[in-house]
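Given next are the chains, with one letter for each unit.
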Amino acid sequence: MSSFTDLYSVKPFKTQWRVYVKILKVWKQYLNGVETLEMVVVDEKNQTMHVTLKKEFIKKNENLLEEGASRIITNFQVAHNGGKFRTSPHVYKILFASTTSVKPAEEMDPRILGFKFVKFSDIHEGKMNPDFLIGKHVRLNCVLWGQFAENLESVAQHANDAVIVAVLRFGKLKLYQGVWSVGNCYNCSMVIIDPVFPESLAFKERLPKDSFTLTYTYPNQLTIVNSVSVRDDFFLHSPRKTISEIIAASEVVKCVTMATIMSIDTEFGWYYMSCGACSKKVLPHDMDYLKELYPGKTFKKQLWQCKKCNEDVENVYPSFMLTFRVMDNTGETKFLLFDQEAKEVVNQTAAQLTQSVNEIQDPDVLPLALSNICGKKFLFKIAIASSNVVFNSDTYKVISIITQSDVVKEFSEISTPQVPLMIMDDDDAEITPTSKRKSNEKLEVIKDTDEYSAAKKKFKDEKTVQTNQSTLQLKTVKTEKP
């Protein structure tokens, strides 16, 4: 593990990453009584990324995380970088785990600071995303609070130069009464007075000598399923919803739906490593770091940390974690299947497909057994608006699945008086939506009798059925050669 990965290439599908970065900013944050340590780091390609340490990891690492220091960070988790006031445009952020290690490194070029300057005019015209914390000559309101204001005022009063350039980094954009302004944000903002960046020096030369200017930057055996009980659960005991209804739902409810798999989303990979004793997810240790800590000890295999067993283990195996992009004739979303449910679809174990006991290296190279699933239709049971919604708001965890084609067909025929939702072509990997009846009638389900009643106007009064046939190409997935 001697090489490093640049921050742009860091993605969530594995944890065995190794990056060489400089720490630009460190601060503690308290949200709803929960303490975290936040950082912004930059790599040699001038790419920035946000880093978060939960409270349990702060004490172990805090002394090594100093602003301006260069560090090697190994074995961490990666998550989506969402929410308001983001310090980096990177789509992901780093999350420290119990197996994460931090080591001193050779100091990075001092000129690498991750700056990306933006124009005042772009803010005035609303071109900048206010979710990002930002950080030439157009006037812009800037409000600084607390120590930021005091420091800047002191500099202004004692400055010898007629022109002062201040760089506000990780500043917050605000729109009030149609006017954009910028200001500091909590404890993460930075104000740098008269920096020696080439951009600021050139900017200073262009200004009139009576200016005070602020500029800133953007910031895992197969299982036999009791098909009778599962069928009853899907047909009798669970409400049915379309994908559009699932997306729009806000109440906590378990429901069933019929959907076609369009493609496999490999953002988070398609398997993870599990403990051979308890089957829970394990995290890899940085073996180079362990060898440095215990120089006289011999390590024959990669060690993994299992929080459930509360020990380091060698016996691990891959388990499925499949994210399918699915659709019906009302919309599309993503479903997540963990090991037991995924094995019902694939009819093989993840270990049989990978022949490996290591974390995934290239998530886009899929075994044929996986890519051949695309275009098939199944019944899914999911939970809406609960902890089963994972990764992000449009991915739902599947808690049960039916793959038998005859059962899927039966469900399709009785779920609605309309024609089937989807029909499949032969082997051309295409999905063709069937004709859809266009009517203003609203069908109501009588809860006690499970009968359908329509509005006063009857279907037999309709003389024509309008159709709208179109073909949707499946998303291309990379596969291994047969």
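Reading the values: rules and limits
Residues numbered from 1 in each chain as written. Predicted model: local features only at pLDDT ≥ 70, side-chain atom pairs only at ≥ 80, totals over all residues. Heavy atoms only, no water. Buried < 20%, exposed > 50% of the residue type's maximum accessible area, 1.4 Å probe, protein only. Helix = DSSP H or I, 4+ residues; strand = E, 2+ residues; numbered from the N terminus. Contact = heavy atoms within 4.5 Å. Pairing = 2+ DSSP bridges. Axes fitted to C-alpha atoms, helices over the stretch in contact; angles between N-to-C directions. pLDDT = per-residue confidence, 0-100. Salt bridge = Lys/Arg side-chain N within 4 Å of Asp/Glu carboxyl O.

1. Some points on helix H8 (residues 339–346)
Note that an α-helix has 3.6 residues per turn; residues three or four places apart therefore point the same way. Within H8, six of the eight residues are buried, which leaves it mostly tucked inside the rest of the structure. What H8 keeps buried is the set Asp339, Glu341, Ala342, Lys343, Val345 and Val346. Along its buried surface, H8 packs onto strand E19 (316–328), strand E20 (331–338), helix H9 (350–354), helix H10 (368–371), strand E21 (377–384) and strand E22 (395–402). Of the residues one or two after H8, Asn347 is the one with positive phi, at around 65°.

2. So, the sheet that holds strand E4 (residues 70–74)
An order of E5-E6-E3-E2-E1-E4-E7 is seen for the seven strands of this open sheet, with the pairing classed as mixed. In this open sheet, the two strands that pair with only one neighbour each are strand E5 (77–80) and strand E7 (101–104). Geometrically, the sheet is characterised by an average inter-axis angle of 40° between neighbouring strands, direction not taken into account. Looking at chain direction, E4 and E7 are connected through four bridges and run antiparallel. Each bridged residue has a counterpart across the sheet, and for Thr74 the counterpart in E7 is Ser101.

3. Comments concerning the sheet that holds strand E18 (residues 311–313)
Strand-to-strand pairing in sheets goes through backbone hydrogen bonds, with the strands running parallel or antiparallel. In spatial order, the strands read E16-E17-E18; together these three strands make up an open sheet with antiparallel pairing. Strands at the two margins of the open sheet, each flanked by one partner only, are strand E16 (283–284) and E18. As defined by bridge partners, E16 adjoins strand E17 (residues 304–306) across two bridges and the pair is classed as antiparallel. Among the inter-strand pairings, Pro284 is bridged to a residue of E17, identified as Trp304.

4. Details of the confidence of the model for the protein
Per-residue confidence for the protein averages 75 on the pLDDT scale, and 61% of its residues sit at or above 70. No element of the protein has a lower mean pLDDT than strand E25 (residues 444–446), which averages 34, and none a higher one than E4, which averages 96. A low-confidence stretch, residues 209–228 stays under pLDDT 50, and its non-local contacts, those more than four residues away or across chains, total 77 contacts. Ignoring residues within four places in sequence, the model shows residues 387–391, a span with pLDDT below 50, making 15 contacts including any to other chains.

5. Regarding unusual backbone geometry
Of note, Asn32 is a non-glycine position whose phi angle comes to about 55°, a positive value. Note that Asn32 resides in the loop between strand E1 (18–31) and strand E2 (34–42). Its relative accessible area of 77% is what places Asn32 among the exposed residues. For Ser279, which is not a glycine, the phi torsion comes out positive at approximately 70°. Along the chain, Ser279 turns up in the loop between strand E15 (271–275) and E16. For Ser279, a relative accessible area of 39% puts it in the partly exposed group.

6. Examining the pattern of salt bridges
In total, this model carries 10 salt bridges according to the counting rule given. The salt bridge partner of Glu35 is Lys28, with a shortest N-O separation of 3.3 Å. The class of Glu35 is buried, set by a relative accessible area of 16%. Put simply, Lys343 and Asp339 hold a salt bridge, and the shortest N to O gap is 3.5 Å. Linking Lys343 with Asp339, this pair stays in helix H8, spanning four residues, or about one helical turn. Among the residues examined, Lys343 registers a relative accessible area of 5% and is labelled buried.

7. Side note on the pairing of E1
Counting buried positions along E1 yields 10 of 14 residues, so the element is predominantly enclosed. With five bridges joining them, E1 and E4 adopt antiparallel strand pairing. Paired with Tyr20 across the bridge in E4 is Ile72. By the bridge criterion, nine bridges tie E1 to E2 in an arrangement that is antiparallel. Within the sheet, the bridge partner assigned to Lys22 lies in E2 and is Val42. If you look at the hairpin formed by E1 and E2, you'll find two residues sitting between the two strands, and Asn32 has a positive phi there, around 55°.

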